[in-house]
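# Structure at a glance
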Amino acid sequence: MNTHGPGWRRITTPLVFATMLLVGARVFAQEVVNYGVQPDTDPSFIAKARGYFAPIEKQYHVKVVFQQFAYGAPENQAMAAGALQIASAGMGPATIAVSRLKATLVAINILEQTAILVPIDSPLKSPCDLKGKTVAYPGIGSQQYPLLLKALANCGLTASDIQLFKSSGPDIPVLVEHKSVDAGITWDPSISVGLASGKVRLLAKAEQIMPIMNGHYVGNGVYVQNEFLAKHPDITQALVTANVKAINDILCDPAGAAKLWSEQIGIPENVITLSLKQGISVYSLDVIPTPQVMAAYTKFLKDAAILKPTDTPRIEPSFAAKALKEVEAGKTCKMHAT
Amino acid sequence: MTRPHRRRILSAAAKRSLPFLIAAIVIVVVWQLVVTLTHPDPSVLPTPWATAIAFVGLVRNGQLGVDALYSVARVVSAWLLSAIVAIPLGLLMGSSLRLERIVNPFVELLRPISPLAWIPMAILWFGIGEGGKVFVVFVGTFFPILLSTVAGVKAVDPVLLNAGRVFGCTSRLALFRRVVVPASLPSVVVGLRVAFGTGWAAIIAAELVAAHTGLGYLIANGMDILRADLVLVGMAAIGLLGFLFDAFFRALQRQFGGSS
């Protein structure tokens, strides 16, 4: 008497198959490393284009997926939600992230990257002339805000001496060009897009406001989720090394890098070339976030009330140091095949 | 007002506030439980205590007061402007079928457009000052007042109109002034109350863009610098102010004989 037999089989057979599929999928699944980036001249785009991530993916059985964000704040929110394992962002958002989230700064990958723009025929000569003017900025969480405060403070001015207007970074050169605002502080490549139009000019570069690393301002940092860092220090190292190799390539062959960036982020090649020639974004093998630089940077953010007095950024310079050693040991100039 | 009468009013007010107080306590207890059980990063969800400290800090340094004042001023001015335009227009539309037929298509075409969708146009038309923000709130508050007023006029009891005529309102204007307007007031107040709520929602969105003061700005900044405590303080202030204003309107509604 087996009245329940076929019924049980109907249930158990698909159940067994489903379990096997699930177990199999788990065993063979590739782990995804979500890499937060912004559509700018980040060395990670060059690393990707040059295929530096492919051997990492093969060796560690992972998939590096770029997740693009318009600016640093949503990138940090994604990291706070656990959706990103590694990210590259402006030094302001990067330092906020490694102070407030379970994340660690592992490298500095771009210098400068910020400037104050004015209309080409503006009578303003320096940031000291901004008193009483309307200045567009990309928000309090951007590094542009504390840099603007610093530029004003250098002239004995404060934020209350100007009218601030919050806008998105790429819109700021357009607002300046149309004279909707008297000046604007933003990031690159938006700065270079504005300069290439011929309708705006530089009022001040970041290095004139806060030179803290070999005469330059620190523009961009790479930071990693602590849990990922602890679980995969080898993958973290490989990704940092890929970045440093890419920086070396940019230094060796700026024209090739401009072409690759243009293909990757859609910014015209001449705009990127202009950025490199005028030093709007500066690349250097000074990639190690030293305690001295970070102490100066942290004080800068605390002075601007962006960080709380109790905030302490987590920094791990050993990854960048090792990457630099590896790249310098096998340093060759890799030209882009045109 | 005698002492027992005052005591009765206070006791009634306390009774009405009790459910809200219980709701607030439940929210805080659940919030603390979630924090205790899940140990989230403070940037994702701070404790109620940390948020309370941030709240007190912002009250002490005056920032919360200034931001709340800016938001309230923007909402009140836009809401008053809406009331000035929408109430007379609504009274006329409710009384004249011809005018309603002319105006209604415009209302129905524009009404579904969210006030938030007007933000880019508001910046282009009114610039980065107060005008743009007031315009966005105006859009959000205008239609609820207008539609409630029209509905109020249409719902005036014909018995009242007949009574008005019997008691000497011989002209249409006199009937309108002495019967229609007072009889539609409860509905107008409902519209004003609803509009204040929608205006409050619109101002927060308007302040997320192109502002450097206000509770929306406080929230946006908190998000930008991963200060969830500031975001929650902004949200709590909005909830508290919204509750106080709604209580005011409910009291007003009771005065005009409407149910709250």
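Conventions adopted
Residues numbered from 1 in each chain as written. Chains lettered and ligands numbered in written order. Predicted model: local features only at pLDDT ≥ 70, side-chain atom pairs only at ≥ 80, totals over all residues. Helix = DSSP H or I, 4+ residues; strand = E, 2+ residues; numbered from the N terminus. Buried ≥ 20, exposed ≤ 12 C-beta atoms within 10 Å, placed from the backbone. Contact = placed C-beta atoms within 7 Å. Pairing = 2+ DSSP bridges. Right-handed = clockwise from strand over helix to strand, strands pointing away. Domains from an automatic or database assignment. Axes fitted to C-alpha atoms, helices over the stretch in contact; angles between N-to-C directions. Parallel < 35°, antiparallel > 145°, perpendicular 65-115°, else oblique. Nonpolar A, V, L, I, M, F, W, Y, C, P; charged D, E, K, R; others polar. Core = buried A, V, L, I, M, F, W, Y, C linked by C-beta atoms within 7 Å. Expected span 1.5 Å × (residues − 1). pLDDT = per-residue confidence, 0-100. Left-handed = near helix turned anticlockwise from the far one by under 90°.

### A word on the overall build of chain A
Within chain A one finds 15 helices and 11 strands. Every one of the 338 residues in chain A was classed for burial, and the buried ones make up 51%. Sequence separation of 24 or more characterises 80% of the internal contacts of chain A that already satisfy a separation of 6 or more.

### Looking at the interface of chain A and chain B
Taken residue by residue, the interface counts 16 residues in chain A and 12 residues in chain B. Residue assignment for the side of chain A that touches chain B shows that the elements contributing at least two residues are helix 4 (72–80), helix 5 (91–100) and strand 7 (163–166) of chain A. Element by element, the count of residues in the side of chain A that touches chain B is highest for helix 4 of chain A, at four residues.

### Some remarks on the pairing of strand 7 of chain A
Walk down a regular strand and you will see the side chains alternate between the two sheet faces. All names here are of chain A. Where strand 6 (residues 134–137) lies against strand 7, four bridges are found, and the strand directions are parallel. Bridge assignment links Tyr137 to a residue of strand 7, and that residue is Lys166. After leaving strand 6, the chain enters helix 6 (residues 144–153) and then returns to the sheet as strand 7, a path that is right-handed.

### Observations concerning the domain arrangement of chain B
Each assigned domain of chain B is listed with its residue range as follows: domain 1 (1–39) and domain 2 (54–255). Here the C-alpha centre of domain 2 of chain B lies 27 Å away from the C-alpha centre of domain 1 of chain B.

### What about the sheet that holds strand 6 of chain A?
Residues and elements named next belong to chain A. An order of 7-6-8-5-9 is seen for the five strands of this open sheet, with the pairing classed as mixed. What marks the edges here is a single partner per strand, and that holds for strand 7 and strand 9 (200–205). Ignoring which end each strand starts from, the neighbouring axes of this sheet average 30 degrees apart. Bridge analysis of strand 5 (residues 114–119) against strand 9 gives five bridges, and the strand direction is antiparallel.

### A look at the packing of helix 5 of chain A against helix 14 (residues 291–303) of chain A
All names here are of chain A. In contact at an axis separation of 11 Å, helix 5 and helix 14 are set at 90 degrees when each is read in the N-to-C sense. On the basis of the axis angle, helix 5 is roughly perpendicular to helix 14. Between helix 5, through Met91, Gly92 and Thr95, and helix 14, the contact on the second element is made entirely by Tyr297, Thr298 and Leu301. Residue composition of the contact of helix 5 with helix 14, by class: three nonpolar, three polar and no charged.

### Focus on the sheet that holds strand 1 (residues 31–37) of chain A
Residue and element names in this part refer to chain A. Pairing in this open sheet of six strands is mixed, and the strands run 2-1-3-10-4-11 from one edge to the other. Bordering the open sheet on either side are strand 2 (62–68) and strand 11 (281–282), each of which pairs with just one other strand. Examined bridge by bridge, strand 1 and strand 3 (residues 86–90) share two bridges and lie parallel to one another. Among the inter-strand pairings, Tyr35 is bridged to a residue of strand 3, identified as Ile86. The sheet strands contacting helix 4 are strand 1, strand 2, strand 3, strand 4 (103–112) and strand 10 (218–225), and the helix crosses strand 3 at an angle near 155 degrees.

### Things to note about the domain arrangement of chain A
All names here are of chain A. One can read the domain layout of chain A as domain 1 (28–113 + 217–329) and domain 2 (114–209). At the level of secondary structure, the elements contributing two or more residues to the side of domain 1 that touches domain 2 comprise helix 4, helix 5, helix 13 (269–278) and helix 14. With five residues, the single largest contributor to the side of domain 1 that touches domain 2 is helix 13. Looking at the side of domain 1 that touches domain 2 residue by residue, the class counts come to 16 nonpolar, nine polar and two charged.

### Notes on the environment of Asp40 of chain A
Residues and elements named next belong to chain A. On the secondary structure map, Asp40 appears in the loop between strand 1 and helix 2 (43–49). Linking Asp40 and Trp261, residues 221 residues apart in sequence, is a C-alpha distance of 8.2 Å. Not counting residues up to four positions away in its chain, the partners in contact with Asp40 are Trp187, Asp188, Pro189 and Ile265.

### Some details on the nonpolar core
Counting 167 residues, the largest nonpolar core has Val135 and Tyr223 of chain A together with Val137 of chain B as the members making the most contacts within it. Considering every element that reaches this core, the biggest residue donor is helix 8 (residues 172–208) of chain B, with 13 residues. Leaving out residues up to four positions away in the same chain, Tyr223 of chain A has contacts with Ala87, Ala94, Ala97, Val98, Ala103, Thr104, Leu105 and Val106 of chain A.

### Re helix 14 of chain A
Helix length check: helix 14 of chain A, at 13 residues, gives a terminal C-alpha distance of 18 Å against a target of 18 Å (1.5 Å per residue), a fit within 8%. Turning to helix 14 of chain A, the residues buried within the fold contact helix 5, helix 6 and strand 10 of chain A.

### A look at the confidence of the model for chain B
For residues with low pLDDT, the predicted coordinates do not support detailed interpretation. Of all residues in chain B, 97% have pLDDT values of 70 or greater, and the mean over the chain is 88. Note on the complex model: pTM 0.76, ipTM 0.71.

### Topic: the packing of helix 6 (residues 130–154) of chain B against helix 8 of chain B
Residue and element names in this part refer to chain B. Two numbers describe how helix 6 lies on helix 8: the axes approach to 7 Å, and their chain directions differ by 155 degrees. Viewed along their axes, helix 6 and helix 8 adopt a mutual orientation that is roughly antiparallel. Where helix 6 crosses over helix 8, the two elements pack in a sense that is right-handed. Along the lines of polarity and charge, the residues of the contact of helix 6 with helix 8 split into 17 nonpolar, 10 polar and two charged.

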